[in-house]
Amino acid sequence: MNKKWQIYETDEDKVEELKEKYKINNLLATILVNRGITSEEKIRQFLEPTRQDFYDPYLMKDMEIAVERIVKAIERKEKVIIYGDYDVDGITSTTVLKKFLKDLGLEVSYYIPNRLNEGYGLNKTAVEKIVNEGYSLMITVDCGITGIEEIDYANSLGLEVIVTDHHEPVEELPKALAVIDNKRKDSTYPLY
Ligand SMILES: [Mn+2]
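Residues numbered from 1 in each chain as written. Predicted model: local features only at pLDDT ≥ 70, side-chain atom pairs only at ≥ 80, totals over all residues.

A. Highlighting the sheet that holds strand β5 (residues 178-180). Strand order across the open sheet formed by five strands is β2-β1-β3-β4-β5, with parallel pairing between neighbours. Edge positions in the sheet fall to β2 (108-111) and β5, since each of these pairs with one other strand and no more. Put simply, the sheet's adjacent strands are angled 20 degrees from each other on average, direction ignored. Sheet analysis places strand β1 (residues 80-83) next to strand β3 (residues 137-141), joined by four bridges and oriented parallel. When the sheet's bridge partners are listed, I81 is paired in β3 with M138. Across the sheet, helix α4 (residues 63-76) touches β1, β3, β4 (160-164) and β5, and the angle it forms with β5 is around 120 degrees. (Pairing = 2+ DSSP bridges. Helix = DSSP H or I, 4+ residues; strand = E, 2+ residues; numbered from the N terminus. Axes fitted to C-alpha atoms, helices over the stretch in contact; angles between N-to-C directions. Contact = placed C-beta atoms within 7 Å.)

Structure below.
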């Protein structure tokens, strides 16, 4: 595949100005300028972000449904499993969510498909295994948005699914209890 790289024409004067003002190196100043992060407030948010800088998570479609379902799982002490991915963001998101839910008092397990035997994303054999182990709620991270058939299968076996993903959906969304993905066509979350 032939790729054509298009490199930004950088405003070098602006780069110099930011380097001086914020005592940052050339690379960082170039990144800020190329991304249009040049106001004082934007630069602070980028270099020293706080929780106050995040948008309200409830701006994400289905967030409320997902939160309520997870709260119910905690109250009922349900068996919950996180279905992740074997790559860097898949493993990171699995770890972050597992720790968070454990801190909230939920005994939560995880499933990461084998890269060679299973490949990326949900698969029916794994769903079946999860159901047989007595889980009642599965939360996907970094996958699931295109797992239409697998989620239909999970539903048919009584396993409820919350999808959290950042990949592109196909034509239809999976029939999960909640589908949290900013790439949903109807998403109005600001993101940047
Ligand atoms: Mn991934």
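Having put the structure on the table, let's press on.
B. Molecular detail of the environment of N25. Tracing the chain through its elements places N25 in the loop between α1 (12-22) and α2 (26-34). For N25, a count of 8 C-beta atoms within 10 Å gives the class exposed. For the pair N25 and V15, spaced 10 residues apart in the sequence, the C-alpha separation amounts to 9.3 Å. (Buried ≥ 20, exposed ≤ 12 C-beta atoms within 10 Å, placed from the backbone.)

C. Focus on unusual backbone geometry. Notably, D62 is not glycine yet its phi reads approximately 75 degrees, a positive angle. Using a count of 19 C-beta atoms within 10 Å as the deciding quantity, one classes D62 as partly exposed. Here D142, not a glycine, exhibits a phi torsion of approximately 70 degrees, which is positive. Mapped onto the elements, D142 comes out in the loop between β3 and α7 (148-156).

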